[in-house]
Amino acid sequence: MAEFTPQNRTLISSATLARPRGRRIYWTVLTLVIVVFTLVFVGPLYWMVTSGFKSVHEVVQNPPTLFPHHPEPSNYKTAWTQLKLAKLLWNTFYYAFGALAFQLVFDVAAAYALSKLRPVLGNIVLGGMLATLMIPSAVLIIPQYMTVLDLPLLHVNLINHPWAIWLPTVANGFNIFLLKRFFDSIPNDLMAAAAIDGAGPTRTLMSIVLPMSRPILGVVSIFAVVNVWKDFLWPMLVEPDPTKQPINIGINSLSQGVPQNVLIAALAISALPTLLIFLLFQRNIMSGLTAGSLKG
């Protein structure tokens, strides 16, 4: 009996690709799609960076120029000093990595409990967490604001305090789901062997689960930092003091009377850290997202 070998099915058959006309059509369409998507995603970034080198007249010129005719690198230096970007960047790093620390502690604990400890009604709790992903974030603004305005039980006002940014980011249903999926892929035999050796749930988490979970922990860390970095509406509500605001809100607060080309240069500087994070860790992001997708 002949052995059956499964083959991957694609939109274009191998026979079509073997013909010269089929290859030409394939590569033409592929190149066109790549160019269009590159322009859509990279185009705004290119406009932002190059506009930071233009004069005010050239920025508002219509139609816009593709390259700055007389580059002015001093716009970036002016933006750094006039908008106090060093202070704003420090504030943003402080909020972002504070939120990251809390998410790693609480989200890892929640995902580990749901995956390996199997509490009563754990599936219902997980379903409730995932259901929160269907709620638009704008809908939660008012109840969250009322909560930080008068924290239940403690009756503490958290406005203009880092806790107002950190607390709403702690319970992230998407990150808990990602972590749980990865923890599900860890063999239960390892957990049983640790239990036989006398390791409790906490020791097993610290000594076995977390060292094996570095890819997904990296993904969750990047998501946590970027989510705080790009947020605008919530920090604007809970951090009215300009000296304590993150960079997105600080630029908006200090932008009165600032030339448009200097303002665009400041926006380019504010976008640089998140772009570097993605470029440096894009392989970790992809490997972490797919690490728990298969069991074997």
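Since we're looking at a predicted model, the values are computed, not measured.

Participant: Can you tell me about the overall build of the chain, naming the residues and giving the values?
Facilitator: Within the chain one finds 15 helices and 0 strands. Since a compact globule built from 296 residues should have a radius of gyration of about 19 Å, the 25 Å found for the chain marks it as more spread out than a globular shape. Seen through its principal axes, the chain has C-alpha atoms that stretch 75 × 70 × 35 Å. Burial status across the chain gives 33% buried among its 296 residues. Across the chain, every contact between residues at least 6 apart in sequence was considered, and the portion connecting residues at least 24 apart equals 72%. Seen as two clouds, the 19 positive and the 11 negative side-chain charges of the chain have centres 12 Å apart.

Participant: For unusual backbone geometry, give the residues involved together with the corresponding values.
Facilitator: With an omega of 5 degrees, the peptide bond running from Asn62 to Pro63 counts as cis. Here Pro63 shows up in the loop between helix 3 (56–60) and helix 4 (74–82). Of note in the backbone geometry, His155 takes a positive phi value of approximately 55 degrees without being a glycine. You can see His155 is positioned in the loop between helix 7 (141–149) and helix 8 (163–170). Backbone geometry at Asn160 places phi at a positive 65 degrees, although glycine is not the residue there.

Participant: Before we move on, could you go through the packing of aromatic side chains and cite the residues and values that matter?
Facilitator: Counting across every chain of the model gives 13 aromatic pairs. Relative to Tyr95, the ring of Tyr94 lies with its centre 5.9 Å away and its plane at 50 degrees, an arrangement referred to as tilted. Under the relative-accessibility criterion, Tyr94 is labelled partly exposed at 40%. Plain terms: the ring middles of Tyr94 and Trp166 are 5.4 Å apart, the flat faces sit at 65 degrees to each other, and that makes the pair edge-to-face.

Participant: An account of the packing of helix 10 (residues 188–196) against helix 11 (residues 201–212) is needed here, citing residue identities and associated values.
Facilitator: How two helices pack is summed up by the angle between their axes together with the distance between the axes. Packing of helix 10 against helix 11 brings their axes to within 10 Å, and their N-to-C directions diverge by 155 degrees. Classified by the angle between their axes, helix 10 and helix 11 sit roughly antiparallel to one another. Between helix 10 and helix 11 the crossing geometry is right-handed. Listed contacts from helix 11 to Leu190, Met191 and Ala194 of helix 10 are Thr204, Ile208, Val209 and Met212.

Participant: Describe the pattern of salt bridges, listing the residues and the values that go with them.
Facilitator: In the structure shown here, the tally under the stated rule is 1 salt bridge. For Lys180, the salt bridge identified is with Asp184, shortest N-O distance 2.9 Å. Taken together, the positions of Lys180 and Asp184, both in helix 9 (residues 173–184) and 4 residues apart, correspond to about one turn of that helix. Overall, the relative accessible area of 13% leaves Lys180 in the buried class.

Participant: Run through the packing of helix 9 against helix 12 (residues 214–230), naming residues and quoting values.
Facilitator: Running from N to C, helix 9 and helix 12 point in directions that differ by 175 degrees, and their axes come no closer than 10 Å. The angle between the axes of helix 9 and helix 12 places the two elements in the roughly antiparallel class. Residues Phe174, Asn175, Leu178, Leu179 and Phe182 of helix 9 pack against Ile216, Leu217, Val219, Val220 and Phe223 of helix 12. For the contact of helix 9 with helix 12, the class distribution of residues is 9 nonpolar, 1 polar and no charged.

Participant: Kindly report on the environment of Phe183, identifying the contributing residues and their values.
Facilitator: Tracing the backbone through its elements, the reader meets Phe183 in helix 9. C-alpha separation for the pair Phe183 and Thr202, spaced 19 residues apart in sequence, amounts to 14 Å. Non-local contacts of Phe183, meaning those with residues more than four positions away in its chain, are made with Val108, Ala111, Tyr112, Ser115, Lys116, Val209 and Ser213.

Participant: So, the confidence of the model for the chain: which residues are in play, and what are the values?
Facilitator: Mean pLDDT over the chain: 85, with 91% of residues reaching 70 or higher. Across residues 1–5, where pLDDT falls below 50, the model places 0 contacts with residues more than four positions away in sequence or in other chains.

Participant: Describe the environment of Asn252, naming the residues involved and giving the relevant values.
Facilitator: With respect to the element layout, Asn252 can be found in helix 14 (residues 247–253). Sequence separation between Asn252 and Gly122 is 130 residues; the distance between their C-alpha atoms is 43 Å.

Participant: Residues and numbers for helix 5 (residues 85–117), please.
Facilitator: Given a rise of 1.5 Å per residue, 33 residues ought to cover 48 Å, and the 46 Å separating the end C-alpha atoms of helix 5 matches this to within 8%. The sharpest bend along helix 5 measures roughly 25 degrees and falls at Gln103. Of the residues flanking the end of helix 5, it is Arg118, one or two places downstream, whose phi is positive at about 50 degrees.

Participant: Summarise the side chain of Asn91; cite the residues concerned and give the values.
Facilitator: Summarising the element assignment, Asn91 is placed in helix 5. Relative accessible area serves as the criterion here: at 6%, Asn91 is assigned to the buried category. Within the local environment of Asn91, its side chain forms a polar contact with the backbone oxygen of Thr243, the two atoms lying 3.0 Å apart. At a separation of 3.0 Å, a polar atom in the side chain of Asn91 contacts the main-chain carbonyl oxygen of Gln245. Residues contacting Asn91, with those up to four places away along its chain left out, are Thr243, Lys244, Gln245 and Pro246.

Here is what the cut-offs are and how they apply
Residues numbered from 1 in each chain as written. Predicted model: local features only at pLDDT ≥ 70, side-chain atom pairs only at ≥ 80, totals over all residues. Heavy atoms only, no water. Helix = DSSP H or I, 4+ residues; strand = E, 2+ residues; numbered from the N terminus. Rg over C-alpha atoms; globule rule 2.2 N^0.38 Å. Buried < 20%, exposed > 50% of the residue type's maximum accessible area, 1.4 Å probe, protein only. Contact = heavy atoms within 4.5 Å. Lys, Arg positive; Asp, Glu negative; His and termini not counted. Charge placed at Lys NZ, Arg CZ, Asp CG, Glu CD. Phe/Tyr/Trp six-rings, centres within 6.5 Å; stacked < 30°, edge-to-face > 60°. Axes fitted to C-alpha atoms, helices over the stretch in contact; angles between N-to-C directions. Parallel < 35°, antiparallel > 145°, perpendicular 65-115°, else oblique. Left-handed = near helix turned anticlockwise from the far one by under 90°. Salt bridge = Lys/Arg side-chain N within 4 Å of Asp/Glu carboxyl O. Nonpolar A, V, L, I, M, F, W, Y, C, P; charged D, E, K, R; others polar. pLDDT = per-residue confidence, 0-100. Expected span 1.5 Å × (residues − 1). Bend = angle between axes of the 7 residues up to and from the residue. Polar contact = N/O pair within 3.5 Å; in protein donor to acceptor, adjacent residues only side chain to side chain.

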